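Listed below are the residues making up each chain.
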Amino acid sequence: MNNSTQATDNGNDKKKFKGDRSPCSPSRVLHLRRIPSDVTEAEVISLGLPFGKVTNLLMLKGKSQAFLEMASEEAAVTMVNYYTPATPHLRSQPVYIQYSNHRELKTDNLPNQARAQAALQAVNTMQSESLAIAAEGGLLPGQGSVLRIIVENLFYPVTLEVLYQIFSKFGSVLKIITFTKNNQFQALLQYADPVNAYYAKMALDGQSIYTACCTLHIDFSKLTSLKVKYNNDKSRDFTRLDLPSGDGQPPLEPPIAAGFGTQNIIFPSYGGAIGFAPAMGFAQGAGVSVPAVPGALGSLAVTTSAASGQMTIPGVTGVPGNSILLVSNLNPEAITPHGLFILFGVYGDVHRVKIMFKKKENALVQMADATQAQLAISYLNGQRLYGRVLRITLSKYQTVQLPREGQEDQGLTKDYSNSPLHRFKKPGSKNFQNIFPPSATLHLSNIPPSVTVDDLKNLFASTGSTVKAFRFFQKDCKMALIQLGSVEEAVHALIELHNHDLGENHHLRVSFSKSTI
């Protein structure tokens, strides 16, 4: 009996589409169901790319289905085994994969196949080039199993879990250590196999996790292995679930740890991976969507809800919904609502600030949305301000109440929801791409031509700062960098001098810089 079957888009195949059962007999032809109507051929193909060569594709858009033919049955089995516990997503919708009754796809005589064949040819050309480099002996000396990852433009917090979700698509991740160095969020990540590290670097280097921010820069580390002492939010050894957390807490509970792998690693290494990220969202909606275009990580668009004016990241879950921060350990002699508005406004649009009437060491800061609140926590918690170390957490309150008319408040509660000083109210603003941790070097802009180096140095010295270095931008004298004596000095200067009137209708704009002078 000839198992080679011509796939047809008619009603005769209805039986095999029914139900979620997977045919017992493996086949190199896979049946994909619940395909979004606007999905592209390249997106469907990229689901199979990490497991081997994709040799044919048939899209049945009217039925929201597709057939994908892999080069070997082994590749198809690996793909089904991988996606069964971790459902892939296309365009944020779950896609279901099972073995087809077809043993081969014959699409030569079918209409509308030109786009599918063009997409196949394009990705297979890229695949061949990748495999040629990564062929035996293709890994160069120094290309080991440990990667060094730097995340630039860290507008949204990037956690160890997010890195695990992204990099585990390319093979078994054994260990991750995260840290901040030179005011940059960095990580060391160890794979089980150097080839996995090579594929991940090739596919992800230079890609952004979210639109125009959180950009990955990846190199091979000189380390051959990582030593992890603690399993916590900064470091994790996925092969050692018994490690302590390092802060007196017991080791990770098994149900939590299981989400990140066991001693056998729950995500199998790809057989014959070719450095392309599959077009899928991470299992259980971890948030970052790996994309449509082969070789790209893909970005999540930041959208603005017209109704609420809130910034949201499609698909991101796990960000607590509260946008109100409790800020404690403030210096009551020095802090003001305006000071908190300016400082927290570096990381989001502040709508209201309330310094507690009876306990002025504490304040509530209401951000425009929950994502900005998380961002402020990640950058400002632990920062020194007026001689005190800030402590910032999400508040239990859902709103910051304004004082009733006639109620004594001493000016401790302020509403800034309509402030012209919001940095992020304009969609697509360059400010989204220039968010950095507090640093001793400040970026100055909107400087009028008549203001000199000495004018600016004297201005910052008047706030009690020690000016270590200063330079104007060569191409644009409206901008400059100024380096102060410490990060705390720079924080104080930013609070005092952001929006300072320099004359000629120019107000100074101050932000933290990633550069040094």
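Since the structure is predicted, the reported quantities are computational estimates derived from the model, not experimental observations. (Residues numbered from 1 in each chain as written. Predicted model: local features only at pLDDT ≥ 70, side-chain atom pairs only at ≥ 80, totals over all residues. Heavy atoms only, no water.)

Asks: How do you make sense of the overall build of the protein when you look at a structure like this?
Replies: Helix and strand counts for the protein come out as 11 helices and 29 strands. The buried share of the protein, taken over its 517 residues, is 50%. Contacts in the protein between residues far apart in sequence, at least 24 positions, make up 70% of those at least 6 positions apart. Carbon and sulfur atoms make up 50% of the accessible area of the protein, which totals about 24000 Å². (Helix = DSSP H or I, 4+ residues; strand = E, 2+ residues; numbered from the N terminus. Buried < 20%, exposed > 50% of the residue type's maximum accessible area, 1.4 Å probe, protein only. Contact = heavy atoms within 4.5 Å. Areas by Shrake-Rupley, 256 points an atom, 1.4 Å probe, with all protein chains shown as cover.)

Asks: Even after reading the chapter, I still don't get the sheet that holds strand E26 (residues 480-484), so can you show me in this structure?
Replies: Sheet strands pair via backbone hydrogen bonds, and the direction of the pair is either parallel or antiparallel. Strands sit in the order E25-E26-E24-E29 across an open sheet of four strands; the sheet is antiparallel. A single partner strand is all that each edge strand has here, and the edge strands are strand E25 (467-472) and strand E29 (509-512). In this sheet, adjacent strand axes meet at a mean angle of 20° when their direction is disregarded. Where strand E24 (residues 441-445) and E29 come together, four bridges link them in antiparallel fashion. Among the inter-strand pairings, His443 is bridged to a residue of E29, identified as Ser511. (Pairing = 2+ DSSP bridges. Axes fitted to C-alpha atoms, helices over the stretch in contact; angles between N-to-C directions.)

Asks: In this structure, what is going on with the nonpolar core? I would like to understand it.
Replies: Side chains of a nonpolar character, in soluble globular proteins, are inclined to be buried together. Counting 86 residues, the largest nonpolar core has Phe167, Leu325, Phe344 and Leu442 as its most contacted members. Counting residues in hydrophobic clusters, the runner-up holds 28 residues, among them Leu30, Val39, Ala76 and Tyr82. (Core = buried A, V, L, I, M, F, W, Y, C linked by side-chain atoms within 4.5 Å.)

Asks: Explanation requested: the packing of aromatic side chains in the structure shown.
Replies: Within a pair of aromatic rings, the relevant descriptors are the distance that separates the centres and the angle that separates the planes. Scanning all chains against the criterion turns up five aromatic pairs. Ring geometry for Phe155 and Tyr156: centres 4.5 Å apart, planes at 75°, overall edge-to-face. By the ring-pair criterion, three or more aromatic residues cluster together here, those being Phe155, Tyr156 and Phe424. In this arrangement the basic side chain of Lys360 is found over the ring face of Phe357, its NZ or CZ atom lying 5.3 Å from the centre. (Phe/Tyr/Trp six-rings, centres within 6.5 Å; stacked < 30°, edge-to-face > 60°. Lys NZ or Arg CZ within 6 Å of the ring centre and 35° of its normal.)

Asks: Sorry if this is basic, but what is going on with the pairing of strand E7 (residues 146-152) here?
Replies: Successive residues of a regular strand alternate their side chains across the two faces of the sheet. Burial runs high along E7: five of the seven residues are buried. Two strands pair when backbone bridges link them, and E7 and strand E9 (residues 184-191) are joined in this way by six bridges, in the antiparallel orientation. Within E9, the residue paired with Val151 across the bridge is Phe185. Note that E7 and strand E11 (residues 213-220) share six bridges and pair antiparallel. Residue pairing for E11: Arg148 is matched across the bridge by Asp219.

Asks: Explain the sheet that holds strand E8 (residues 173-181) here, please?
Replies: Ordered in space as E10-E11-E7-E9-E8-E12, the six strands form an open sheet in which the pairing is antiparallel. Looking along the sheet, the strands with just one partner apiece sit at the ends: strand E10 (208-210) and strand E12 (235-237). Between one strand axis and the next, the sheet turns through 20° on average, direction left out of account. On the sheet, helix H5 (residues 160-167) packs against E7, E8, E9, E10, E11 and E12 and is oriented at approximately 135° with respect to E8. Helix H6 (residues 194-204) contacts E7, E9 and E11 of the sheet and is inclined by roughly 140° relative to E11.

Asks: I tried to follow the side chain of Thr215 on my own but got confused; where do I start?
Replies: By the secondary structure assignment, Thr215 is in strand E11. Leave out the neighbours within four places in its chain, and Thr215 touches Ile150, Val151, Glu152, Gly206, Gln207 and Ser208.

Asks: It is not clear to me how the environment of Ser395 should be interpreted in this structure. Could you clarify?
Replies: For Ser395, the position within the fold is in the loop between strand E22 (391-394) and strand E23 (413-415). Here the alpha-carbon distance between Ser395 and Gln366, two residues 29 residues apart in the chain, equals 9.5 Å. Apart from the residues within four sequence positions on either side, Ser395 is in contact with Asn322, Ile324, Leu325, Leu326 and Leu364. There is a polar contact of 2.9 Å between the side chain of Ser395 and the backbone nitrogen of Tyr397. (Polar contact = N/O pair within 3.5 Å; in protein donor to acceptor, adjacent residues only side chain to side chain.)

Asks: How do you make sense of H6 when you look at a structure like this?
Replies: Note on helix geometry: an α-helix contains 3.6 residues per turn, so any two residues three or four positions apart are oriented the same way. Buried residues of H6: Asn196, Ala197, Tyr198, Tyr199, Ala200, Ala203 and Leu204, and no others. Looking one or two residues beyond H6, the residue adopting positive phi is Gly206, at roughly 90°.

Asks: Just checking my understanding: could you explain the packing of helix H8 (residues 337-344) against helix H11 (residues 487-497) for this structure?
Replies: Each pair of packed helices gets described by two things: the angle between the helix axes and the distance between those axes. Two numbers describe how H8 lies on H11: the axes approach to 9 Å, and their chain directions differ by 110°. If you check the angle between H8 and H11, you find them roughly perpendicular. Along the contact surface, H8 presents Gly339, Ile342 and Leu343, while H11 presents Val491, Leu494 and Ile495. A breakdown of the residues in the contact of H8 with H11 according to their chemical character gives five nonpolar, one polar and no charged. (Parallel < 35°, antiparallel > 145°, perpendicular 65-115°, else oblique. Nonpolar A, V, L, I, M, F, W, Y, C, P; charged D, E, K, R; others polar.)

Asks: Is there a simple way to think about the pattern of salt bridges in this case?
Replies: Note on pairing: side chains with opposite charge can pair once their charged atoms come close. In the structure shown here, the tally under the stated rule is seven salt bridges. Across the pair Arg28 and Glu69 runs a salt bridge, and its minimum N-O distance is 3.5 Å. Residue Arg28 is found in the loop between helix H1 (14-17) and strand E1 (29-33), and its partner Glu69 is found in strand E3 (residues 65-70); the two are separated by 41 residues along the sequence. Of the residues examined, Arg28 reaches a relative accessible area of 22% and is grouped as partly exposed. (Salt bridge = Lys/Arg side-chain N within 4 Å of Asp/Glu carboxyl O.)

Asks: How should unusual backbone geometry be read in this particular structure?
Replies: If a residue is not glycine, its phi is most likely negative; likewise, a peptide bond is most likely trans. Of note in this structure, Arg34 is not a glycine but carries a positive phi near 60°. Relative to the elements of secondary structure, Arg34 occurs in the loop between E1 and helix H2 (41-48). Of note in the backbone geometry, Asn499 takes a positive phi value of approximately 75° without being a glycine. Secondary-structure assignment places Asn499 in the loop between H11 and strand E27 (501-503).

Asks: Looking at this structure, how should I read the confidence of the model for the protein?
Replies: Caution applies to low-pLDDT parts of the model: their predicted coordinates are not meant to be read in detail. In the predicted model, the protein carries a mean pLDDT of 76, and the fraction of residues at 70 or more is 76%. This stretch, residues 248-320, has a pLDDT under 50; its non-local contacts, to residues over four places away or in other chains, come to 201 contacts. (pLDDT = per-residue confidence, 0-100.)

Asks: What is the right way to read the side chain of Glu69 from this model?
Replies: Since its relative accessible area comes to 5%, Glu69 is described here as buried. At 2.7 Å, the side chain of Glu69 forms a polar contact with the side chain of Thr55. Those residues in contact with Glu69 that sit more than four places away from it in its chain are Arg28, Val29, Lys53, Val54, Thr55, Asn56, Glu104 and Leu105.

Asks: It is not clear to me how H11 should be interpreted in this structure. Could you clarify?
Replies: For H11, a buried count of nine out of 11 residues is recorded, marking the element as mostly surrounded by other parts of the structure. Residues Glu488, Glu489, Ala490, Val491, His492, Ala493, Leu494, Ile495 and Leu497 constitute the buried set of H11. Buried residues in H11 make contact with H8, strand E20 (384-385), E24, helix H10 (453-461), E26 and E29. Asn499, located one to two residues past H11, shows a positive phi value of around 75°.

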